[in-house]
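# Inside the fold
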Amino acid sequence: MTDPSDRLSSWQGGNCCNWEGIKCSKSGHVVVVNLRNHNPNEIMININKEVVSNSNNTSDFALKGTISPLLFTLNHMQYLDLSFNNFMLSKLPAGISNLTKLTYLNLSYAMFQDSITTQFSNLTSLRFLDLSCANLVPDFSSFSVSLTFPLRLDFGSLLSFISYGHISSPNLRWLEGLRGLRYLVLIGVDLSKASESFHWAKPISSLSNLMSLHLSNCNISGRIPTVELLNLTNLSTLEMSSNALTSPIPDMLSNLTTLSTLDFSGNDLHGHIPYLPQLEGLSVASNPAMIINLVSMFSVPWSKLTFLDISFTRVGGTIPPSLSNSTSLTFFRADGCSIQGSLPSSVTNLKKLSILMLNDNNITGQLPVTMSRLIGLQYLSLFQNRLEGHIPVSICRIPSLEYLNLEWNDLTGRLPMCILQLPKLSSLYIQRNRLNGNMPLSLFQKSRLEEISLGTSGLSLEIDYQHQHFVQTFQPKILEFSSCNMRGEIPAFFSNLTNLVVLNLANNSLSGAIPYWLFNLPSLSILALSMNNFEGFIPPMIQLKSSRFPTIVNLARNNLQGPIPSQLVNVNVIDLTLNNFVGSIPTQIGEVPGIRSISLSGNKIHGPIPESFCREGNILQVLDLSNNILSGTIRRNLGNCKSLIYLNLGQNKFTGSIPKELERVTSLRYLDLSVNEFEGSFPTVIKNFQELEILKLGGNRFEGRMPKLIGDLHHLRILVLASNSFNESIPEELMKLENLQYIGLSRNNLSGPIPENLDNLKMMMKRQNEATILGYVYSLKFTGAQLEIVTKGQTQWLESVYSYNTGFDVSSNALTGKIPEKIGLLSGLPLLNLSHNNLYGLIPKTIGEMSSLESLDLGYNHFTGEIPVTLTLLDFLQHLNMSYNNLSGRIPSGPHFDTLYQDGTAYIGTKYLCGTPGGMTCINLSPSINETVENRYDQENVLFVVFIFLGYVTGISGLFLLLYLIKENWRNRYWRAVDRIVLKIVWARI
């Protein structure tokens, strides 16, 4: 047994009753052994799904090792607590069954691993039993940015269970003898096998004295064991959260008159909330199938209710004024419930309310002007709603307020400055609103705020204390001032902000050099200065403080110069994109422990990728070296970056082929090698990237055929192979990718027809109404996709790619055949470019079904026939090119179509089209504008041919009939005349 905290140092000498954690009876028998770790290492799950420390403990206080069997010879023991230690996944001590006088047993969170059978059956005196092996911890991996436009935040529950060992119980029969139990805590004990039995909870029903039952995160499935629970007539607390319960909450629980706390959160419950007037605390959060009608629920009194959490259930509707009748309510949370309407002013009658959380709903209207009635309010969070109007000044009259979050709303007007003077306010979040007005930085001088977020709120922050010192009481931890119209240099007093953890000054107009002291603030973990006008050099060493979040240095989009810093201490993310850095990539960057994201794109750095990159054990996820002057080959050691998700080496001077070792990077989702000098056949290593979503190999020297393996990349959304030397036909397998939204194969040597079967291109078949951004959020940093497209006759560079940026570009190849009739299925496609090929035949009428088409280029082919009238139905069409084809007939007419290229530039080189400059003239032809008219003309053409044929037959027949009826000598004269004419023609040819 190891004792890092030296807790057992007193365990010396013969009188054990004086040892720490030991108590004895008057007769000298040991009755209490309390070895509980009172300083457990608080842990959390960070944004990268890693379990990390969340406490200030510099050492581990847990006892570590195995338990001596001699402990269980103390048969007078009544109290045993071994919780929060580390017993190395050992089995539950068998000797514990000897301690028959135990009334209190706590083995929770002590890293045991075993199955419960009979170990506790003899402990008939037990009143308290805690075998928990899973605990709720902060989980920041559930935080995400919903990549839709506008962007939305999703915090989820921000709590998850984490295991401390593993204890299971195939059944609960071992409880039958423990009839004196009052507190039973089995959080995290695996009861999945036990709950397969319909009457799995029957042994619990025999515990008639039970007051508190905790079965959270036990893998229990099926119904709530109502009958068994109704026998527990003394039950006060019932917690069965984070299981897989699927039934409604039974109405009969109202018969448990002693029940005060009920927690069924994190299940799959459905139905409604029954009337349980005896409850003081109720949580049904994260039951997405549960329907809650607040109007109906609060039509009856809940006089005892103090705690209510209905987050992430199906509420809808509005918050009824009758909610205020629950006058005992102190905690109300309803995040993510699709609540609509305004916040009723009657809510402010809840005088005892201390926490109100209504985040991520559709609440509209203004905040009640009577907010000051909430005299006990400490925590108010309404972020991500649709609130409008001014922030009421009455908030300033809530002296108890500690946390205020109104982010991501439509609030207007000015920020009441009195809010800054609230005596207990420590957190103020108002970013992403439409406020206005100037706000001097000096207003914060006397504030005790620790967390301030004003970014993109509409406020302009004025630096009026450039070189003066603030009083030391202003020691914030978070300053989020992005997009606040700040000008000038970074204030000097920032150097005294020793508690500052997050500093975000991005997207302002700050200038000058970045002071070196900023990189050495003792608590700084996140430094974001991107999109400003900073210039000059940055120090060779950047040191941040490790925290629960990834540590970030973001200096992108400035005018910084000089070499890239070579020493990074505690830096997880570095972004120096779009500056003027020169020199080579320092070897040390690839050796930084814990580095997750390196973005050096858009600078002037040269040379090869250092061999230090991707050493064994690295956790690099993002590597962006694009748009530089880097050269050499892709090093084989990149294959060691097994966590790599985003790799962008585009627009450099790399040569050679793609190394086979990259096949180990199976997590890759974004690969850009475009505009380099790579050569050889299509890199078959790509078949290993089954998660790949974006593949860009354009602008290289790849050759040969496109392999069928592309069809196995089922997550692929963007494929760009343009400007290479790929030949042969387009593989049919490519058209089976349902997620594919952009195909860029232009400027190759592809031949053969366009594949006929386009049925599986689902992303191109429907116009994308929700503007989802293509990109990834890793380590709190968004890394997005970029794309170059040719649309409307011009090349465009998309800094951000959305789900609606779909396209089909196979121009400048040697494709033959006809346009597939099924092209009309691609009704969500805005861009179609088939120009500069050898396509022929009629333009299919089904193109008129491509209702989203904005740019259509069919120029420089061999198409014949008329332009389909159905093209006039394309109301979004802005660019059209039919030049240099063999088209004929009239140009169709329509209200919108007539506005396109009246100068005829869309029809250059089509001399058989009438109505174009240099083309034929349309005479007595009234152009049609719909399909019915075109079909009528087709019928008339058929009738015309039939009449001509009948006329010809009639004429010939009439001649022979006439010759038959006239006299014989007249017939002879006629045939002799014909013979003479024929002879003259023959002699003339000779």
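Up top you'll find the structure we're talking about.
Residues numbered from 1 in each chain as written. Predicted model: local features only at pLDDT ≥ 70, side-chain atom pairs only at ≥ 80, totals over all residues. Heavy atoms only, no water.

Okay, the overall build of the protein chain next. Scanning the protein chain from N- to C-terminus turns up 5 helices and 73 strands. For the protein chain, the proportion of its 990 residues judged to be buried stands at 52%. Pairs at least 24 apart in sequence give 56% of the contacts found in the protein chain among residues at least 6 apart. Counting every atom, the protein chain has about 43300 Å² of accessible surface; 53% of that belongs to carbon and sulfur. (Helix = DSSP H or I, 4+ residues; strand = E, 2+ residues; numbered from the N terminus. Buried < 20%, exposed > 50% of the residue type's maximum accessible area, 1.4 Å probe, protein only. Contact = heavy atoms within 4.5 Å. Areas by Shrake-Rupley, 256 points an atom, 1.4 Å probe, with all protein chains shown as cover.)

Before going further, it helps to examine the pattern of salt bridges. Inspection of every chain in the model, using the stated rule, returns 14 salt bridges. For the salt bridge of Arg36 with Asp81, the shortest nitrogen-to-oxygen distance reads 3.7 Å. Of this pair, Arg36 sits in the loop between strand S2 (30-34) and strand S3 (43-45) while Asp81 sits in strand S5 (residues 79-81), and the two are 45 residues apart along the sequence. With its nearest N and O atoms 2.9 Å apart, the salt bridge here joins Asp759 to Lys822. Placement of the pair is Asp759 in the loop between strand S59 (749-752) and strand S60 (775-778) and Lys822 in the loop between strand S65 (814-817) and strand S66 (831-833), with a sequence separation of 63 residues. For Asp759, a relative accessible area of 26% gives the class partly exposed. (Salt bridge = Lys/Arg side-chain N within 4 Å of Asp/Glu carboxyl O.)

Evaluated as defined, the whole model comprises 3 disulfides. Residue Cys17 pairs covalently with Cys24 via a disulfide, S to S 2.0 Å. Across the S-S bond linking Cys17 and Cys24, the dihedral sits near -100°, which makes this disulfide left-handed. Residue Cys24 is classed as partly exposed on the basis of its relative accessible area, which comes to 22%. Two residues share a disulfide in this structure: Cys614 and Cys641, whose sulfurs sit 1.6 Å from each other. Residues Cys614 and Cys641 are joined through a disulfide that is left-handed, its torsion about the S-S bond being -95°. Placement of Cys614 in the loop between strand S47 (604-607) and strand S48 (622-624) and of Cys641 in the loop between strand S49 (629-632) and strand S50 (646-648) is noted, with a sequence separation of 27 residues between them. In this pair, the class of Cys614 matches that of Cys641, namely buried. (Disulfide = S-S within 2.5 Å.)

Turning our eyes to something else, we now look at the side chain of Ser324. Secondary-structure assignment places Ser324 in the loop between strand S21 (307-309) and strand S22 (331-333). We classify Ser324 as buried; its relative accessible area is 11%. For Ser324, the side chain forms a polar contact with the main-chain oxygen of Pro321, separated by 2.8 Å. (Polar contact = N/O pair within 3.5 Å; in protein donor to acceptor, adjacent residues only side chain to side chain.)

When you line up the elements, Leu422 lands in the loop between strand S29 (410-411) and strand S30 (427-429). Residue Leu422 is classed as buried on the basis of its relative accessible area of 6%. With 23 residues separating them along the chain, Leu422 and Pro399 place their C-alpha atoms 6.0 Å apart. In this structure, Leu422 is in contact with Ile395, Cys396, Ile398 and Leu401, ignoring residues within four places of it in sequence.

Right, let's get into the pairing of S47. The alternating pattern of S47 places Ile605 and Gly607 on a buried face and Lys604 and His606 on a face that is not buried. Where strand S45 (residues 580-583) lies against S47, 2 bridges are found, and the strand directions are parallel. Of the residues in S47, the one forming a bridge with Gly583 is Ile605. (Pairing = 2+ DSSP bridges.)

With that settled, the discussion passes to unusual backbone geometry. Despite not being glycine, Ser286 has its phi angle at roughly 60°, a positive value. Looking at the element boundaries, Ser286 is found in the loop between strand S20 (281-283) and helix H3 (294-297). Positive phi is not limited to glycine here, since Ser338 has a value of about 60°. Note that Ser338 resides in the loop between S22 and strand S23 (340-342).

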